[in-house]
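Structure assessment
Okay, here's what each chain looks like letter by letter:
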Amino acid sequence: MCGIVGYVGSQSALDVVVAGLKRLEYRGYDSAGIAVLADGGMAAAKKAGKLANLEKELVERPLPAGSTGIGHTRWATHGGPTDLNAHPHLDNAGRVAVVHNGIIENFAELRAELAERGHALSSETDTEVVAHLLAEEFSACADLAESMRLVCRRLEGAFTLVAAHADEPDVVVGARRNSPLVVGVGEGEAFLASDVAAFIAHTRSAIELGQDQVVELRRDGVHVTGFDGSPAETRSYHVDWDVSAAEKGGYDYFMLKEIAEQPKAVADTLLGRIDASGSLTLDEVRIAPGALREVDKVVVVACGTAFHAGLIAKYAIEHWTRIPCEVELASEFRYRDPILDARTLVIAISQSGETMDTLMALRHAREQGAKVLAVCNTNGSTIPRESDAVLYTHAGPEVAVASTKAFLTQLVACYLVALYLGQVRGTKWGDEIRAVVRDLSRISEEVEQVLETMEPVRELARSLASKNTVLFLGRHVGYPVALEGALKLKELAYMHAEGFAAGELKHGPIALIEEDLPVVVVVPSPKGRSVLHDKIVSNIQEIRARGARTIVIAEEGDETVVPYADHLIRIPATPVLLQPLVATVPLQVFACELATARGNEVDQPRNLAKSVTVE
Ligand code: M6R
């Protein structure tokens, strides 16, 4: 939530920072602002609404040229999305500017103190106090990095801060606690950003900042310390994707591009996981096989779409390993005092690796002695750094707020974890594991096939643009797929959409069925558990008898559903447990097209942000 950029170098700071903000706008789009150090002073501009509003402002009222600057794109927490509350925030003398991501929990107390000392604060934000505190500290020590360390020691909560001071025109300082910030190191220039996408056009050399660290950026290098001033260890890495991965590449929306990238994302996530002898090798899973053999319970924690991946993972984990598996919403997990110990394996699933609810859940789990394995798409982010082990999904950057390719790769990674547990614990034979991996390696092609047949789904979506409600039904692994289909529709099309376990219908939800209500039904393979299949066919008949318009997703060759489907969407036949990898794709396309037909912003749905870094 909120995107932050900082730059020191010899290029136009305005151009670098605005271009960086464009790549970070997915993180928040309530307002945007920039500050540039020029002519011995600080020049700033900020505007409510999307970045385009700020760009327009900058054309009408250009800022002076400078080569040091900071910028921000906001997802509002404290104070509405107005020009005044937009970042950067400046001190009363207008010498220091600061941008912030996160929440400063003790801001009210700090604000009252500042008011007593004669500071006039004008916004409703928690951030503004930092600008004033930095100005006070700087007037005593004339060192922005030291001022930042002193201020950070007084702040409570989660924050990334980036600041500049007119008296240190070639310096930008950043600080992080529980909120993302990465450093980019170029030739004679350096960058700070919430995500490498902001500077990938300039450099692929990055440095991870640790918790409670302050970084001072100068043209000739960066210097990192702890909040207490002690020298800090950092990890440098090379970003292994290039700028084209963070661009739309000819698609109208990132979401369309990301849907289309799914075959590759799935294949990449499987790459290199099998050794010459045919055994699974998950090198990044640094939990000793002995410890994995001891595991007597698996708990998956995640939010939103990642939670749905966890719900599906449960079926595979329990089926292949016979270890009981619970799946919890990360935001609920630690508040109910869950039973955890050294024999519990917690799997934290997160695309961004920065979701605060998931981070807090994993911290709680580790405090209780559980081992945590992260399934994550973002190299070097906080969740994998704080976990005992990580399995990276190789989806590449996911920019659209609605998660698509990350979901499919989370499923693949979870299947691999389940098989690995089965391998280590001996509940699965080598040839059984290899058979599942063979099935998994066919999925990429099958997703491709689904994508090639999506025109009728798009047409159907357009025809439903004026509907108010769509329901989704599924059984077994199809139930979380139904939940995911409903979530996609809510967040993109702003429609009332709900997913139900089809068996629950008769316990209440069937009362919702009325004439012409669209109901999407995910039908399990007739090959696997035929009881399951037959039951859902009866469910389809029950809702159709009450007037529902049935939209049936069923595998090729399943003819039993044909008489009851008003619309039939075909997917390739897959083993039962793997069906979500193909069944979810039409639902993503459906939601994207419906949102477009309703004139909604596909990549940046209202009120949302890509990385939810507040609880
Ligand atoms: O980055 P994470 O995977 O931890 O994010 C979790 C959810 O916020 C995320 O999946 C959200 O539900 C998506 N916008 C859904 O499309």
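Residues numbered from 1 in each chain as written. Predicted model: local features only at pLDDT ≥ 70, side-chain atom pairs only at ≥ 80, totals over all residues. Heavy atoms only, no water.

- Under an unreviewed UniProt entry, the name given to the chain is Glutamine--fructose-6-phosphate aminotransferase [isomerizing], and the source organism is Streptomyces dioscori.
- Quoted verbatim from the Function (unreviewed entry) heading of the UniProt record, the comment on the chain is "Catalyzes the first step in hexosamine metabolism, converting fructose-6P into glucosamine-6P using glutamine as a nitrogen source."
- Per UniProt, the chain has the following entry under Subcellular location (unreviewed entry): "Cytoplasm". (UniProt positions renumbered as here; feature names shortened; annotations may be inferred.)

1. Quick word on the site of the ligand
- Close to the ligand lie 14 residues; Ser350, Gln351, Ser352, Thr355 and Glu491 are nearest.
- Contact between the ligand and threonine 305: an oxygen atom at 3.1 Å from a main-chain N or O atom of the residue.
- Interatomic distance of 2.6 Å between a backbone N/O atom of glutamine 351 and an oxygen atom of the ligand.
- In isolation the ligand has 410 Å² of accessible area, and contact with the protein removes 90% of it. (Near = heavy atom within 4 Å. Polar contact = N/O pair within 3.5 Å; in protein donor to acceptor, adjacent residues only side chain to side chain. Areas by Shrake-Rupley, 256 points an atom, 1.4 Å probe, with all protein chains shown as cover.)

2. A word on the sheet that holds strand β22 (residues 518–522)
- Ordered by their spatial adjacency, five strands build an open sheet running β21-β20-β22-β23-β24, and the pairing between neighbours is parallel. Both outer strands of the open sheet, β21 (496–501) and β24 (567–571), are each paired with one neighbouring strand and no more. Across the sheet, the mean angle separating the axes of adjacent strands is 20 degrees when strand polarity is ignored.
- Sheet topology places strand β23 (residues 549–555) next to β24; five bridges connect them, and they run parallel. Across the sheet, alanine 554 pairs through a bridge with arginine 570, a residue of β24.
- Packing against the sheet, helix α16 (residues 478–493) makes contact with β20 (469–474), β21 and β22, and its axis sits at approximately 175 degrees to β21. (Pairing = 2+ DSSP bridges. Helix = DSSP H or I, 4+ residues; strand = E, 2+ residues; numbered from the N terminus. Axes fitted to C-alpha atoms, helices over the stretch in contact; angles between N-to-C directions. Contact = heavy atoms within 4.5 Å.)

3. Structural notes on the nonpolar core
- Counting 129 residues, the largest nonpolar core has Val298, Ile347, Phe472, Leu489 and Phe590 as the members making the most contacts within it.
- Among the elements that take part in this core, helix α13 (residues 405–425) stands out by supplying 14 residues, more than any other.
- If near-sequence neighbours (up to four positions away) are discounted, phenylalanine 472 is found in contact with Ala482, Gly485, Ala486, Leu489, Ala497, Glu498, Gly499, Phe500, Val520, Leu587 and Phe590. (Core = buried A, V, L, I, M, F, W, Y, C linked by side-chain atoms within 4.5 Å. Buried < 20%, exposed > 50% of the residue type's maximum accessible area, 1.4 Å probe, protein only.)

4. Brief notes about the UniProt feature "active site" (unreviewed entry) in the chain
- When the UniProt feature table is mapped onto this chain numbering, "active site" (unreviewed entry) sits at Cys2 and Lys610. Spanning 609 residues, the annotated positions come together in the fold, the maximum distance between their C-alpha atoms being 9.2 Å. For the largest cavity, the lining residues drawn from the annotated set are Cys2.
- Note that cysteine 2 resides in the segment before β1 (3–8).
- For cysteine 2, the contacting residues outside a window of four places in its chain are Arg27, His72, Thr73, Arg74, Trp75, His100, Asn101 and Ser194. (1 Å grid on protein atoms, 1.4 Å probe; cavity = no way out; pocket = protein on both sides within 12 Å on 5 of 7 lines; lining within 4 Å.)

5. A few points about the packing of helix α9 (residues 304–321) against α16
- The N-to-C vectors of α9 and α16 enclose an angle of 170 degrees; their axes lie 9 Å apart at closest approach. With respect to α16, the axis of α9 lies roughly antiparallel. Contact with α9, carried on its side by Gly304, Thr305, His308, Leu311, Ile312 and Tyr315, involves Pro480, Val481, Leu483, Glu484, Leu487 and Lys488 of α16 and no other residues of that element.
- Within the contact of α9 with α16, the residues separate by chemical class into seven nonpolar, three polar and two charged. (Parallel < 35°, antiparallel > 145°, perpendicular 65-115°, else oblique. Nonpolar A, V, L, I, M, F, W, Y, C, P; charged D, E, K, R; others polar.)

6. Regarding the pairing of strand β8 (residues 172–177)
- Summarising burial for β8: six of the six residues are buried, a large majority.
- Here β8 shows two buried faces, one formed by Val172, Gly174 and Arg176 and the other by Val173, Ala175 and Arg177.
- Looking at chain direction, strand β7 (residues 157–165) and β8 are connected through five bridges and run antiparallel. Within the sheet, the bridge partner assigned to alanine 163 lies in β8 and is valine 173.
- Taking the residues that link successive antiparallel strands as the turn, the β7-β8 hairpin has six residues.
- Relative to strand β12 (residues 213–218), β8 runs antiparallel, the two sharing five bridges. Along β12, the bridge assignment pairs valine 172 with leucine 217.

7. Considering helix α5 (residues 144–152)
- With seven of nine residues buried, α5 is to be regarded as a mostly interior element.
- By the burial criterion, the buried members of α5 are Leu144, Ala145, Ser147, Met148, Arg149, Val151 and Cys152.
- Turning to α5, the residues buried within the fold contact α4 (128–141), β7, β8, β12 and β13 (221–226).
- N-capping of α5 is provided by aspartate 143, with a side-chain oxygen placed 3.0 Å from the backbone N of alanine 145.

8. A short note on the domain arrangement of the chain
- The assigned domain composition of the chain is domain 1 (3–246), domain 2 (254–450) and domain 3 (455–597).
- Put simply, the middle of domain 2 and the middle of domain 3, counted by C-alpha atoms, are 26 Å apart.
- Contacts between the two partners involve 29 residues from domain 2 and, on the opposite side, 27 residues from domain 3.
- The three residues of domain 2 that bury the most area against domain 3 are His308, Tyr315 and Val450, which together make up 24% of that side's buried surface.
- At the junction of domain 2 with domain 3, the criterion picks out zero salt bridges.
- Here domain 2 is connected to domain 3 by seven residue pairs in polar contact (both at pLDDT 80 or more).
- For the side of domain 2 that touches domain 3, the secondary structure elements donating two or more residues are α6 (254–260), α9, α13 and α14 (430–452).
- Here the side of domain 2 that touches domain 3 gets nine residues from one element, more than from any other, and that element is α9.
- Class assignment for the residues of the side of domain 2 that touches domain 3 results in 19 nonpolar, eight polar and two charged. (Domains from an automatic or database assignment. Buried area = accessible area lost by both parts, 1.4 Å probe. Salt bridge = Lys/Arg side-chain N within 4 Å of Asp/Glu carboxyl O.)

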